[in-house]
Amino acid sequence: MGRVVEVRANVVYSPFMKPFIIFDLDGTLADTREDIANAVNLTRAHYRLAPLSLERVVSYVGNGSRTLIERSFSDQPDTDAATALCVFSDMYARHLIGKSRLYPGVEATLYRLHAEGVPMAVLSNKPGDLCRRIISHFQLESYFFKVIGGGDLPALKPDPGGIFHILDQCESPVAPESVWMVGDHWTDLETASRAKIKSAFCRYGFGDRKGLECNEQIDRFQNLETIIR
């Protein structure tokens, strides 16, 4: 099945086709800051290092677990990153959902979109098994066609491969103009740009836009329903 950016012969797209929405997870659907920072600091404690502030850890989030650990141990350049990543992965898996919560309006909005037949998926740089555990914890799994995370595919965002993979699984062609990437980080916007789809930036999240362009910005998750229509 062709990718979304390819021309599909003999397909006529209706202007009233439903949108197809692909969500980031951290900072978009759920506020996971405190649990991520807790796992980082438990890892640092394992090495007898002082904890980092929440704000500092959050500034390191968005490019996958390995990059998070490399940044979190930048003051200890002799620490083996691969070993520290294993410690972090264990700590985070054991303390995954202590203080994480959905952002206001997420559950109700997803319910309405799903009821209207809007196809939705999740594409995150967080390890895929942890993504699925979080989605399951909040009982959101029935809303998503696919939940893809780090390690499920060869490359992380902003590589557009995750977008193409999700859309390649669709039973019918998807019009590029109907697809949205919704996230709170520059990687989400760059991914959308590379895949030639629309993007919505979540200003309420904890990511960094880095001045990249987007089609829309939302201050509350509920605003999404308005802009995609």
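Remember, it's a predicted structure, so these values are computed and weren't measured experimentally.

Time to look at the overall build of the chain. In terms of regular secondary structure, the chain is built from nine helices and eight strands. Over its C-alpha atoms the chain spans a radius of gyration of 18 Å, differing by no more than 12% from the 17 Å that the globule rule assigns to 229 residues. Here the C-alpha coordinates of the chain stretch approximately 60 × 30 × 30 Å along the principal axes. Relative to its full complement of 229 residues, the chain shows a buried share of 49%. Long-range pairs, those at least 24 residues apart, make up 67% of the contacts in the chain with a sequence separation of at least 6. Taken as a whole, the chain presents about 11,100 Å² of accessible surface, with 49% of it coming from carbon and sulfur. Measuring between centres, the 26 positive side-chain charges of the chain sit 1 Å from its 29 negative side-chain charges.

Scanning all chains against the criterion turns up 13 salt bridges. The closest approach of N and O atoms between Asp-31 and Arg-33, which form a salt bridge, is 2.8 Å. The class for Asp-31 is buried, based on a relative accessible area of 7%. The salt bridge partner of Asp-31 is Arg-101, with a shortest N-O separation of 3.4 Å.

The description of two aromatic rings rests on the distance between their centres and on the angle between their planes. The tally for this structure, following the rule as stated, stands at six aromatic pairs. Taken together, a centroid distance of 5.7 Å and an interplanar angle of 20° make the contact between Phe-88 and Tyr-92 stacked. Linking Phe-88 with Tyr-92, this pair stays in helix H4 (residues 81–94), spanning four residues, or about one helical turn. As far as the burial class goes, Phe-88 and Tyr-92 line up, both buried.

On to helix H6 (residues 128–137), then. Taken residue by residue, H6 has Gly-128, Leu-130, Cys-131, Ile-134 and Ile-135 as its buried positions. Looking straight down H6, one finds its buried side chains confined to an arc of 160°; they lie on one side. Those residues of H6 that are buried lie in contact with H4, strand S4 (120–127) and strand S5 (146–150).

Before going further, it helps to examine the packing of helix H3 (residues 65–72) against H4. Where H3 contacts H4, the two axes come as close as 9 Å, and the packing angle between them is 110°. As judged from the angle between their axes, H3 and H4 are roughly perpendicular. Here the hand of the crossing between H3 and H4 comes out right-handed. Only Ala-81, Ala-82, Ala-84, Leu-85 and Phe-88 of H4 make contact with H3, whose side of the interface consists of Ser-65, Arg-66, Leu-68, Ile-69 and Glu-70. The class makeup of the residues in the contact of H3 with H4 is seven nonpolar, one polar and two charged.

Let us look at the environment of Phe-138. Counting through the fold element by element, Phe-138 comes out in the loop between H6 and S5. The buried category is assigned to Phe-138, whose relative accessible area is 16%. As for Phe-138 and Arg-229, which are separated by 91 residues in sequence, their C-alpha atoms are 26 Å apart. Those residues in contact with Phe-138, other than ones at most four positions away along the chain, are Ile-97, Ser-100, Arg-101 and Leu-102.

Conventions we followed
Residues numbered from 1 in each chain as written. Predicted model: local features only at pLDDT ≥ 70, side-chain atom pairs only at ≥ 80, totals over all residues. Heavy atoms only, no water. Helix = DSSP H or I, 4+ residues; strand = E, 2+ residues; numbered from the N terminus. Rg over C-alpha atoms; globule rule 2.2 N^0.38 Å. Buried < 20%, exposed > 50% of the residue type's maximum accessible area, 1.4 Å probe, protein only. Contact = heavy atoms within 4.5 Å. Areas by Shrake-Rupley, 256 points an atom, 1.4 Å probe, with all protein chains shown as cover. Lys, Arg positive; Asp, Glu negative; His and termini not counted. Charge placed at Lys NZ, Arg CZ, Asp CG, Glu CD. Salt bridge = Lys/Arg side-chain N within 4 Å of Asp/Glu carboxyl O. Phe/Tyr/Trp six-rings, centres within 6.5 Å; stacked < 30°, edge-to-face > 60°. Arc of directions from axis to C-beta. Axes fitted to C-alpha atoms, helices over the stretch in contact; angles between N-to-C directions. Parallel < 35°, antiparallel > 145°, perpendicular 65-115°, else oblique. Left-handed = near helix turned anticlockwise from the far one by under 90°. Nonpolar A, V, L, I, M, F, W, Y, C, P; charged D, E, K, R; others polar.

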